[in-house]
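Spelled out from the first residue to the last, the chains are:
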Amino acid sequence: MDKKIFSLLKKERERQRWTLMLIPSENYTYPEVRKVVGSVLMHKYAEGYPGRRYYQGMEFVDQIEKEAISRAQALFGVPFVNVQPYSGSPANSAVYFALLEPGKDTIMGLALSHGGHLTHGHPKITFSGKFFPSVQYFLKEQPPFFDFQEILDTALKYRPKIIVVGTTAFPRLLPWRQFTQIAQKVGAYLLADISHIAGLIVGGAHPSPVPYADIITSTTHKTLRGPRGALIMVTKKGLEKDPKLGEKINRAVFPGLQGGPHLHTIAGIAVALKKAANKEFRAYAKQIVTNARVLAEELKNKGFSLVTGGTDNHLLVVDLRNLGIDGKEAAERLEKEGLVVNANTIPNDPRPPSRPSGIRLGTPAVTARGMKEKEMKIIAQMIADVLKKNQSVKEKVKALLASFPVDF
Ligand code: DSN
């Protein structure tokens, strides 16, 4: 028994049990997923794809990978899926590796500080901005929050080969149709990175990019509630544009970027996809959004200012400038009281990313615990008590969590 690690594991389990998990990219997965992820499947090597492996002993793991693929195809309504990427960044890397020539072809994506992701062409410090020319677009303050003419002008000027639409801190619905029109005009592939909203999409709580995007990437551990992993999907539209897209993506994942797939994760993904096809999951996805809306409204009623003025999805970004504290200080004060959020930049943030002006909150995990509108009002009150009145809410957080136990 490794006392040190197992005692830390126990402490982390208790931390997750007794704090409010309000980081929008985090969630609780299912006991069945944890069981297969911690199983004998991790003993197996399986480089290649089902039926075309470089190892023996594939009888059962081939069936597992095929089942994960067909469940994802059915759930998202796409003809091609690769379930092997280790996580979201490797999934996006594989798409770029499959379709772009390094140093030549341009990636265009939403700026990180406006709610995009590091892998969407963030310049200088990420592979996506170092190995490829990249150009960024930005959010506007007023709806529809994207200036489509400006984005089109930028695209016409820089001629990206891939336009990425995907966010980590944007609280509104994504306008797939307008982006597909822009991509068409410049002859770019449209890549939808739905990592944050995959669960909302399959649960019918956010429009699907499937009719509009050529390629879709997603992590599997956020609103989808699976293990840490990722999917790369090609739509019918994408295959019509390039019938070899799937093949190119498979080759980019293996042997291009990765070695042996994590079969334990792939089995976990399959289990989570089956859960996400149930009607209970649709209710869960809708409740995530209802909860986020109530949390947003309650915070606004208490004088908090929200980026974009509210939310239509699972997350909200609070602009703390009117409170005179920065996001890091707010997140640390909340953590001491048992509310775990993360500091986040706001669009055009005057502060540095290490001490940004906002905090980002999300409802997927608290909704997974069974919390509803009433509890969102309590959480909003607790946030106000901590940040505005400097009051302790530790005991109230524990009392709330005691009524919504987690299964681990
Ligand atoms: N790190 C994830 C998030 O928190 O949104 C995105 O990769």
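This is a predicted model, so every value here is computed, not measured.

Visitor: Summarise the packing of helix α13 (residues 327–336) against helix α15 (residues 373–389); cite the residues concerned and give the values.
Guide: Each pair of packed helices gets described by two things: the angle between the helix axes and the distance between those axes. Following both chains from N to C, one finds α13 and α15 inclined at 120°, their axes separated by 10 Å at the closest point. In terms of their interaxial angle, α13 and α15 are classed as oblique. In the crossing of α13 with α15, the sense of the turn from one axis to the other is right-handed. Residue-level inspection shows Ala330, Arg333 and Leu334 of α13 in contact with α15, the latter providing Ile383, Val386 and Leu387. For the contact of α13 with α15, the class distribution of residues is five nonpolar, no polar and one charged.

Visitor: Quick one: what's the story with the site of the ligand, residue by residue and with numbers?
Guide: The immediate surroundings of the ligand are formed by Ser25, His117, Thr168, His196, Lys222 and Arg360. Between the ligand and His196, the relevant distance is 2.7 Å, taken from an oxygen atom to a side-chain nitrogen or oxygen of the residue. A distance of 2.8 Å is found between an oxygen atom of the ligand and a side-chain nitrogen or oxygen belonging to Arg360. Burial of the ligand by the surrounding chains reaches 63%, relative to a free accessible area of 230 Å². A molecule is said to occupy a pocket when more than half its atoms come within 2 Å of that pocket's grid points, and by this definition the ligand occupies the largest pocket. Of the residues assigned to the shell around the ligand, the class counts are no nonpolar, four polar and two charged.

Visitor: Before we move on, could you go through the nonpolar core and cite the residues and values that matter?
Guide: Formed by 62 residues in total, the largest nonpolar core has its most connected members in Phe76, Phe146, Ile163, Phe179 and Ile194. The biggest single contributor to this core is helix α11 (residues 263–276), with eight residues. Counting residues in each nonpolar core, the second largest holds 35 residues, with Leu295, Leu299, Ile383 and Val393 among its members.

Visitor: Tell me about the sheet that holds strand β14 (residues 342–344), residues and numbers included.
Guide: Ordered in space as β11-β12-β15-β14, the four strands form an open sheet in which the pairing is antiparallel. Since the sheet does not close on itself, it has two edges, and those belong to β11 (305–306) and β14, each with one partner. Sheet topology note: the β11/strand β12 (residues 315–319) ladder contains two bridges and is antiparallel. For Ser305, the partnering residue across the bridge sits in β12 and is Asp319. Contacts between helix α12 (residues 279–301) and the sheet are confined to β11, β12 and β15 (358–362), with β12 contributing the most and set at about 15° to the helix.

Visitor: Quick one: what's the story with unusual backbone geometry, residue by residue and with numbers?
Guide: Pro143 connects to Pro144 through a cis peptide bond whose omega is 5°. On the secondary structure map, Pro144 appears in the loop between β6 (134–137) and α6 (148–158). At the junction of Phe254 and Pro255, the peptide bond is cis and its omega measures out at 10° in the coordinates. With respect to the helices and strands, the residue Pro255 is situated in helix α10 (residues 245–257). Phi at Asn348 takes a positive value of approximately 55°, unusual for a residue other than glycine. As for its placement among the helices and strands, Asn348 is situated in the loop between β14 and β15. The phi dihedral of Asn390 is positive, around 60°, even though this residue is not glycine. The topology assignment puts Asn390 in the loop between α15 and α16 (394–402). Look at Asn390 and you get exposed, because its relative accessible area is 61%.

Rules used throughout
Residues numbered from 1 in each chain as written. Predicted model: local features only at pLDDT ≥ 70, side-chain atom pairs only at ≥ 80, totals over all residues. Heavy atoms only, no water. Axes fitted to C-alpha atoms, helices over the stretch in contact; angles between N-to-C directions. Helix = DSSP H or I, 4+ residues; strand = E, 2+ residues; numbered from the N terminus. Parallel < 35°, antiparallel > 145°, perpendicular 65-115°, else oblique. Left-handed = near helix turned anticlockwise from the far one by under 90°. Contact = heavy atoms within 4.5 Å. Nonpolar A, V, L, I, M, F, W, Y, C, P; charged D, E, K, R; others polar. Near = heavy atom within 4 Å. Polar contact = N/O pair within 3.5 Å; in protein donor to acceptor, adjacent residues only side chain to side chain. Areas by Shrake-Rupley, 256 points an atom, 1.4 Å probe, with all protein chains shown as cover. 1 Å grid on protein atoms, 1.4 Å probe; cavity = no way out; pocket = protein on both sides within 12 Å on 5 of 7 lines; lining within 4 Å. Sits in = over half its atoms within 2 Å of the grid points. Core = buried A, V, L, I, M, F, W, Y, C linked by side-chain atoms within 4.5 Å. Buried < 20%, exposed > 50% of the residue type's maximum accessible area, 1.4 Å probe, protein only. Pairing = 2+ DSSP bridges.

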